[in-house]
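# Commentary on secondary and tertiary structure
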Amino acid sequence: MSEKDTATEKITTDAMANPSPAKSMGDPGITPLSPSHNQQSDTDQVQTEPSFMVVVAIDFGTTSSGYAYAFTKEPECIHTMRRWEGGDPGVSNQKTPTTILLTPDRKFHSFGYAARDFYHDLDPSESKQWLYLEKFKMKLHTTPNLSIDTDLHAANGKRVKALDIFAYALAFFKEQALKELSDQTGGEFDNNDVRWVITVPAIWKMPAKQFMREAAYKSGLVSRDSPEQLIIALEPEAASIYCRKLRLHQMMDLGMQTTQNGFSPNDNVGSGMTQGDRYVVVDCGGGTVDLTVHQIRLPEGHLKELYKASGGPYGSIGIDYEFEKLLCKIFGQDFIDQFKIKRPAAWVDLMIAFESRKRAATPDRTNPLNINLPFSFIDYYKKFRGHSVEHALRKSNVDFVKWSSQGMLRMSPDAMNSLFKPTIDHIIQHLTELFEKPEVSDIKFLFLVGGFAESALLQQAVQNMLQGRSRIIIPHDVGLTILKGAVLFGLDPSVIKVRRSPLTYGVGVLNRFVEGKHPPEKLLVKDGTRWCTDVFDTFIAADQSVALGEMVKRSYTPAKPSQQVIVIHVYCSEKESVGFISEHGVKKCGTLRLDVSGTESTAPRREIQTLMQFGDTEIRAMAVDVSTGRTVKASIDFLSH
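Model, not experiment: these values are computed from the prediction.

Parameters and conventions
- Residues numbered from 1 in each chain as written.
- Predicted model: local features only at pLDDT ≥ 70, side-chain atom pairs only at ≥ 80, totals over all residues.
- Heavy atoms only, no water.
- Pairing = 2+ DSSP bridges.
- Helix = DSSP H or I, 4+ residues; strand = E, 2+ residues; numbered from the N terminus.
- Axes fitted to C-alpha atoms, helices over the stretch in contact; angles between N-to-C directions.
- Contact = heavy atoms within 4.5 Å.
- Buried < 20%, exposed > 50% of the residue type's maximum accessible area, 1.4 Å probe, protein only.
- Right-handed = clockwise from strand over helix to strand, strands pointing away.
- Lys, Arg positive; Asp, Glu negative; His and termini not counted.
- Salt bridge = Lys/Arg side-chain N within 4 Å of Asp/Glu carboxyl O.
- Phe/Tyr/Trp six-rings, centres within 6.5 Å; stacked < 30°, edge-to-face > 60°.
- Lys NZ or Arg CZ within 6 Å of the ring centre and 35° of its normal.
- Polar contact = N/O pair within 3.5 Å; in protein donor to acceptor, adjacent residues only side chain to side chain.
- pLDDT = per-residue confidence, 0-100.
- Parallel < 35°, antiparallel > 145°, perpendicular 65-115°, else oblique.

### Remarks on the sheet that holds strand S20 (residues 408–411)
Spatial ordering of the open sheet is given by S18-S20-S19, a layout of three strands whose pairing is antiparallel. In the strand order of this sheet, the two ends are held by strand S18 (369–372) and strand S19 (401–404), each with one partner. Each adjacent strand pair in this sheet contributes to an overall mean axis angle of 30°, direction not counted. Pairing analysis gives four bridges linking S18 to S20, with the strands arranged antiparallel. For isoleucine 371, the partnering residue across the bridge sits in S20 and is leucine 409. Contacts between helix H9 (residues 317–331) and the sheet are confined to S18, S19 and S20, with S20 contributing the most and set at about 110° to the helix. Set on the sheet, helix H14 (residues 413–436) makes contact with S18 and S20; between it and S20 the angle comes to about 85°.

Right under this line is the structure:
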């Protein structure tokens, strides 16, 4: 979109030394009409829910993915997806690996175990042509300027569009789920009868959440015309909704040898939870660890977020990276880099072998863990270096990894535990900081969920840190907690009543220039009036509580009465207080254009109302010309163009 719209007029100014975003855009600008600050939580603003026959939730994970569903007529009965073909020794799961395979001409071939097994069985000369991707979800978190054009790298080093890959994966889940629903109901199941829920980490920035929605539109999961058919749910929120419904026989209390602790087995944890109870959900996945702090508001059991979601890229793949670093130390970075490109399928094999041993690591283990080295690793290393793998192990000064005569790497338990240490240390440090926050006092329960929560090493570390301050609860089907919670959320999205805004939002305005208060470089003289430009007028501040569907309304007037097109730019920042849109870290995330040409305003100053609706995982904005009732709506766009 060109910034210099024909309708907007160029402002020429005299004393303009400093670059100013508003001036470079050449917008005539808007100025607040006082009194302006009024917040309202209109209950009539929340639209009535459209009716769907079934809710299907997709947990699109870094390492594994799956779906679950429930018919709206039987909300208590959550079905997890059918068992998948394939599967790994030592890993039982109703989810499938998040792996995708494209043919050499970039068409979708397969997903999950099927993709992995097919890729593995290809001849090495052929497999170089195929595009195989795994653990690609983290790219959405780590890319600083995420856009629709962001690329991913396949195992053979070739680039593919991230949007295509995510859309292929969602289309695959759509097809699987509709097939299963059709079999269940004995007829063609119509996609319009499905409400879809996709889960994302709470610590994801807005561009990543929007990217997921764009991928869903591209995949045909839902159409742009009915955005309400798709809910983007936050993973730890979904987990939280599920956890408060847990019955005691469905979980393990780490502090107790028995799971009973004074309740009968069919009590809800919820019945151990009373009005105002606070609890933390620690969602430990493959890529990220997300922490949310909730409070139960009875009688309805609605949830209120007490502190904005936090966490970081401390998921279990951090352990895989440590293992890779260890291999580089023993065999050389140059060899490992080459091996990954030249024998990509064998590299995948090696990581699968590591995965099952990783799950066997416990704090009190005394016997070593053996990891199978694929034959082509041993073979390729000899060609590459001119000596054997065994020789490399003897020569390297890594003493806790030995060569076993059966062709395996033999790791001492200490060696394995040291691979976990950096990742677990990050999680513990984060938890420690969280528990020091004043908002996070008197925490009754800590729920450990997500696939990584099964790790005994992580469980022990959390126990040592908490020292009995909260009860640590681990649901039995810990890997499916998010999926089941996401289905419950789709059945009743209003269960989360209060969220914390992750960002500060506002619009760029002109204020009357006040000598001594405003910086001189922000002075703008227009038709004899002295304005201060680039002012950030805050709608909502980071970490402020926002009720679901809450509307924040401001009134503005065009700085120049004859303006034909009124352009309002929406900005956001991670900082809690922002003075000017030119400050570091302030990003433009949306534009409202209201064409008022050909209309007269009866009032001496034309009133333009700007409304922002918060509380959902997406944010909506609209502008209304009060005298004519003309309205323009915009979705806030966070993807950089």
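Having seen the model, we can carry on.
### Overview of the pairing of strand S21 (residues 443–449)
Taking burial as the measure, the seven residues of S21 include six buried ones, the bulk of the element. Summarising the sheet, strand S15 (residues 278–284) and S21 pair through six bridges and their orientation is parallel. Bridge assignment links valine 280 to a residue of S21, and that residue is leucine 446. The pairing of S21 with strand S22 (residues 471–475) spans three bridges and is classified as parallel. Across the sheet, residue phenylalanine 445 finds its bridge partner in S22, namely arginine 471. The parallel pair S21 and S22, bridged by helix H15 (residues 456–466), forms a crossover whose chirality is right-handed.

### Let's talk about the side chain of lysine 174
With respect to the helices, strands and loops of the structure, lysine 174 is situated in helix H5 (residues 162–185). Buried and unpaired, lysine 174 has no salt bridge, with aspartate 190 as the nearest side chain of opposite charge at 8.3 Å. Not counting the four nearest positions on each side in its chain, lysine 174 is found in contact with Asn191, Trp196, Gly220 and Leu221.

### Focus on the pattern of salt bridges
The tally for this structure, following the rule as stated, stands at 25 salt bridges. With a shortest N-O distance of 2.9 Å, lysine 522 and aspartate 534 are connected by a salt bridge. Pair noted here: lysine 522 is in the loop between strand S24 (504–512) and strand S25 (523–526) and aspartate 534 is in strand S26 (residues 529–540), with a separation of twelve residues, a long-range link. Here lysine 522 matches aspartate 534 in class, with each residue buried. Because the salt bridges share partners, they merge into one network encompassing Lys135, Asp320, Glu355, Lys358 and Arg359.

### Section: the packing of aromatic side chains
Inspection of the entire model under this criterion finds 28 aromatic pairs. Consider the rings of tyrosine 69 and phenylalanine 71, whose centres lie 6.0 Å apart with planes at 85°: the pair is edge-to-face. The exposure classification of tyrosine 69 matches that of phenylalanine 71, with both residues buried. By the ring-pair criterion, three or more aromatic residues cluster together here, those being Phe331, Phe335, Phe339, Phe377, Tyr380, Tyr381 and Phe384. Positioned above the aromatic ring of tryptophan 531 is the side chain of arginine 512, whose terminal nitrogen or guanidinium carbon lies 5.1 Å from the ring centre. Over the aromatic face of phenylalanine 539 sits the side chain of arginine 554, whose NZ or CZ is 4.9 Å from the ring centroid.

### Here we look at H15
For H15, the set of buried residues is Leu457, Leu458, Gln459, Ala461, Val462, Met465 and Leu466. Buried positions along H15 lie against strand S14 (251–253), S15, H14, S21 and S22. One side-chain oxygen of the residue at the start of H15 lies 3.3 Å from the amide nitrogen of leucine 457, identifying that residue as serine 455. Phi turns positive one or two residues past the end of H15, at glutamine 467, with a value near 50°.

### So, the confidence of the model for the protein
Predicted confidence across the protein gives a mean pLDDT of 85, with 88% of residues reaching 70 or more. Considering only residues more than four positions removed or in separate chains, one finds that residues 36–47, a stretch of pLDDT under 50, has 24 contacts. With pLDDT under 50 throughout, residues 257–266 is counted as low confidence; its partners more than four residues away or in other chains account for 19 contacts.

### Looking at the packing of H9 against helix H10 (residues 333–342)
Axis separation between H9 and H10 bottoms out at 7 Å; the angle between their running directions is 120°. By the angle between their directions, the pair H9 and H10 is classed as oblique. In contact with Glu324, Leu327, Cys328 and Phe331 of H9, H10 contributes Gln333, Asp334, Phe335, Ile336 and Lys340.

### Some points on unusual backbone geometry
With glycine set apart, most residues show a phi of negative sign, and most peptide bonds adopt trans. Here arginine 106, not a glycine, exhibits a phi torsion of approximately 70°, which is positive. Relative to the assigned elements, arginine 106 resides in the loop between strand S7 (99–102) and strand S8 (108–111). Phi at aspartate 543 takes a positive value of approximately 70°, unusual for a residue other than glycine. Secondary-structure assignment places aspartate 543 in the loop between S26 and strand S27 (545–547). Residue class for aspartate 543 comes out buried when judged on its relative accessible area of 13%.

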